[in-house]
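One letter stands for each residue in the lines below.
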Amino acid sequence: MGYILKYKYILFDLDGTLLTDQKEIDPRTKKSIQRAMEQGIHIVIASGRDKNGTSFVYEPLGLEQGNHYLALVNGQIIYDFEKKEYDLWPLEKAVAAPV
């Protein structure tokens, strides 16, 4: 008895994962991501950068045209392309102090 696993989200880190050593997306990878988007899968780009620092990645992928996200500043800020708004997840001082 089998089952079909339906992915809803694919998350990518940038440096050392999605990007080549030349800080570019491999054309084959880009095509695979675009195919996933066509199948309704949401793409999330995770980075320590801010939104402007990731535009060279999300613009060529066309993430602004769908229900996709950016997890920015090491996950403290989420940007929702569909709603065109930010959601903040700041750490409380008591949590951040030991780190």
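Residues numbered from 1 in each chain as written. Predicted model: local features only at pLDDT ≥ 70, side-chain atom pairs only at ≥ 80, totals over all residues. Heavy atoms only, no water.

## Here we look at the nonpolar core
Part 1: Core analysis: the largest hydrophobic core is formed by 17 residues, its most contacted members being L18, I45, V57 and L63.
Part 2: Breaking this core down by element, the ones donating at least two residues are α1 (14-18), α2 (27-38), β2 (42-46), α3 (55-61) and β3 (69-72).
Part 3: Beyond its immediate sequence surroundings of up to four residues, I45 is in contact with F12, L14, L18, V57, L61, L63, Y69, L70 and A71. (Core = buried A, V, L, I, M, F, W, Y, C linked by side-chain atoms within 4.5 Å. Buried < 20%, exposed > 50% of the residue type's maximum accessible area, 1.4 Å probe, protein only. Helix = DSSP H or I, 4+ residues; strand = E, 2+ residues; numbered from the N terminus. Contact = heavy atoms within 4.5 Å.)

## As for the confidence of the model for the chain
Note: predicted coordinates in regions of low pLDDT should not be interpreted at a detailed level.
Part 1: Counting all residues, the mean pLDDT for the chain is 88, and 84% of those residues have values of 70 or more.
Part 2: Across the chain, element-level confidence peaks in α3 with a mean pLDDT of 96 and bottoms out in helix α4 (residues 93-96) with 61. (pLDDT = per-residue confidence, 0-100.)

## Here we look at the packing of aromatic side chains
Part 1: Scanning the model with the defined rule gives four aromatic pairs in all.
Part 2: The interplanar angle of 55° and the centroid separation of 4.9 Å between the aromatic rings of Y58 and F81 together place this pair among those described as tilted. Here Y58, found in helix α3, pairs with F81, found in the loop between β4 (77-80) and β5 (85-88); they are 23 residues apart in sequence, far enough to count as distant.
Part 3: Residue classification places F81 among the buried residues on the basis of a relative accessible area of 2%.
Part 4: When the centroid spacing of 5.1 Å and the interplanar angle of 85° are considered together, the rings of Y79 and F81 count as edge-to-face. Like F81, Y79 is buried.
Part 5: Taken together, the ring pairs in this structure connect Y58, Y79, F81 and Y86 into an aromatic cluster.
Part 6: Over the aromatic face of Y79 sits the side chain of K51, whose NZ or CZ is 4.6 Å from the ring centroid. (Phe/Tyr/Trp six-rings, centres within 6.5 Å; stacked < 30°, edge-to-face > 60°. Lys NZ or Arg CZ within 6 Å of the ring centre and 35° of its normal.)

## Details of the pairing of β2
Part 1: Across the five residues that make up β2, a large majority, four, are buried.
Part 2: In this sheet, β2 lies alongside strand β1 (residues 9-13) in parallel orientation, the contact comprising five bridges. Across the sheet, Y9 pairs through a bridge with H42, a residue of β2.
Part 3: Relative to β3, β2 runs parallel, the two being bridged by three bridges. From the neighbouring strand, V44 faces β3, where its bridge partner is Y69.
Part 4: Crossover β2 to β3 through α3 is right-handed. (Pairing = 2+ DSSP bridges. Right-handed = clockwise from strand over helix to strand, strands pointing away.)

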